[in-house]
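What the coordinates show
Read off the chains here:
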Amino acid sequence: MSEPSPAHDPVRIGIVSISDRASSGVYQDQGLPALQDWLTRALKNPITFEARLIPDEQARISETLIELVDLGCALVLTTGGTGPAKRDVTPEATLAVAHKEMPGFGEQMRQVSLAFVPTAILSRQVAVIRDETLIINLPGQPKAIAETLEGAKNADGSVRVNGIFSAVPYCIDLIGGPYIETHDEVIKAWRPKNAARPTR
Ligand SMILES: Nc1ncnc2c1ncn2[C@@H]1O[C@H](COP(=O)(O)OP(=O)(O)OP(=O)(O)O)[C@@H](O)[C@H]1O
Ligand SMILES: Nc1nc2c(c(=O)[nH]1)N[C@H]1C(S)=C(S)[C@@H](COP(=O)(O)O)O[C@H]1N2
């Protein structure tokens, strides 16, 4: 795979791991490495990461999201805290900072996840826009990060269920962010023909 090229727009991405136990050192956080690895593998753009590891506390999560939006992140991905347990408050903290809700991401994420686990119906992920930033919740299981972003594939590599990241670049175009380009073998970004730039 080629190195990120300066010919591509630079992009700042917030990655937030929300876990009581990882943030207090009970176990080592695998959420931030999984997010960073997948994004580095998928994007052609040079990425500046803003990484945060925080506990499942609603006010703290909302404050962190606002901070990352104000830092100019085009995209913020969270992992963890989306289930039904008492301490799972990531969707509420995300909705509290929303200017617009983007329900299609949560709907598609649960479709993808059902291809992997029947408990996908327990996930309450939301996606929202705040200012010029797209914020998306992902499940907390580290393996669920690549699953939901990339989708489910058949043995021959063809797509069985589209990963949610397919729609992220065009959404970021529409809110005035950088032009995000992906490696098709990881995830194909879908844009209407008139929105696609010529290949460089
Ligand atoms: N940041 C993380 N790093 C490593 N493993 C994680 C992380 N977050 C979650 N997991 C794993 O995924 C499982 C489900 O994630 P979930 O977000 O529901 O965590 P949890 O049970 O609420 O606990 P915690 O918030 O303390 O991680 C966890 O029980 C743990 O095994
Ligand atoms: N792709 C995928 N989605 C998944 C899972 C998974 O392992 N893979 N785990 C499910 C489970 S068990 C739960 S409880 C919910 C919420 O997870 P969270 O609280 O860790 O965010 O996500 C669901 N979605």
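Residues numbered from 1 in each chain as written. Chains lettered and ligands numbered in written order. Predicted model: local features only at pLDDT ≥ 70, side-chain atom pairs only at ≥ 80, totals over all residues.

1. Side note on the overall build of the chain
The number of helices and strands found in the chain is 7 helices and 8 strands. Against the compact-globule benchmark of 16 Å for 200 residues, the chain has a radius of gyration of 16 Å, which places it among compact chains. With the principal axes as the frame, the chain shows a C-alpha extent of 50 × 40 × 30 Å. Looking at the chain alone, contacts between residues at least 24 apart form 68% of all its contacts between residues at least 6 apart. (Helix = DSSP H or I, 4+ residues; strand = E, 2+ residues; numbered from the N terminus. Rg over C-alpha atoms; globule rule 2.2 N^0.38 Å. Contact = placed C-beta atoms within 7 Å.)

2. Examining the site of ligand 2
In the vicinity of ligand 2, 18 residues are found, and the nearest of them are Thr82, Gly83, Ser113, Gly140 and Ala144. Tallying contributions element by element places helix α6 (residues 142–150) first for the shell around ligand 2, with 3 residues. Classifying every residue of the shell around ligand 2 by side-chain character gives 6 nonpolar, 10 polar and 2 charged. (Near = placed C-beta within 6 Å. Nonpolar A, V, L, I, M, F, W, Y, C, P; charged D, E, K, R; others polar.)

3. Comments concerning unusual backbone geometry
Look at aspartate 131: it is not a glycine, yet its phi comes out positive at around 50°. Along the chain, aspartate 131 falls in the loop between β5 (127–130) and β6 (133–138). A count of 13 C-beta atoms within 10 Å places aspartate 131 in the partly exposed class. (Buried ≥ 20, exposed ≤ 12 C-beta atoms within 10 Å, placed from the backbone.)

4. Some remarks on the site of ligand 1
Lining the immediate surroundings of ligand 1 are 19 residues, of which Ser19, Arg21, Ala22, Gly31 and Gly140 lie closest. Here the shell around ligand 1 gets 3 residues from one element, more than from any other, and that element is helix α1 (residues 20–23). Here the shell around ligand 1 is composed, by residue class, of 4 nonpolar, 9 polar and 6 charged.

5. Considerations on the UniProt feature "domain: MoaB/Mog" (unreviewed entry) in the chain
When the UniProt feature table is mapped onto this chain, "domain: MoaB/Mog" (unreviewed entry) is found at residues 14–159. With 38% helix and 23% strand, residues 14–159 has end C-alpha atoms that lie 27 Å from one another. (UniProt positions renumbered as here; feature names shortened; annotations may be inferred.)

6. Topic: helix α5 (residues 103–114)
Between the first and last C-alpha of α5 there are 17 Å, a value that for 12 residues agrees with the 16 Å anticipated at 1.5 Å per step. Inspection of α5 places Phe105, Gly106, Gln108, Met109, Val112 and Ser113 among the buried residues, and these make up the whole buried set. The buried residues of α5 occupy one face: seen down the axis, they fall within an arc of 165°. Of the exposed residues in α5, the ones pointing more than 90 degrees away from its buried face are Pro103, Gly104 and Glu107. Where the residues of α5 are buried, they touch β5, β6, α6, β7 (151–153) and β8 (159–162). (Expected span 1.5 Å × (residues − 1). Arc of directions from axis to C-beta.)

7. A short note on the pairing of β6
Note on strand geometry: in a regular strand, side chains alternate between the two faces of the sheet. Of all 6 residues in β6, 6 are buried, a share of seventy percent or more. Side chains Thr133, Ile135 and Asn137 of β6 all project onto a buried face; the interleaved residues Leu134, Ile136 and Leu138 project onto the opposite face, where all are buried too. By the bridge criterion, 5 bridges tie strand β3 (residues 75–79) to β6 in an arrangement that is parallel. In the sheet register, valine 76 faces β6, and the bridge partner there is isoleucine 135. Summarising the sheet, β5 and β6 pair through 4 bridges and their orientation is antiparallel. Each residue of the ladder has a partner; that of alanine 127, found in β6, is isoleucine 136. Once β5 ends, the chain turns through 2 residues before running back antiparallel as β6, passing aspartate 131 with a positive phi of about 50°. (Pairing = 2+ DSSP bridges.)

8. Structural notes on the sheet that holds β3
Spatial ordering of the open sheet is given by β2-β1-β3-β6-β5-β4, a layout of 6 strands whose pairing is mixed. A single partner strand is all that each edge strand has here, and the edge strands are β2 (47–54) and β4 (100–101). Relative to β3, strand β1 (residues 11–18) runs parallel, the two sharing 5 bridges. Bridged to glycine 14 within β3 is valine 76. Together, β1, β2, β3, β5 and β6 form the strand contacts of helix α3 (residues 58–70), whose direction differs from that of β2 by roughly 165°. (Axes fitted to C-alpha atoms, helices over the stretch in contact; angles between N-to-C directions.)

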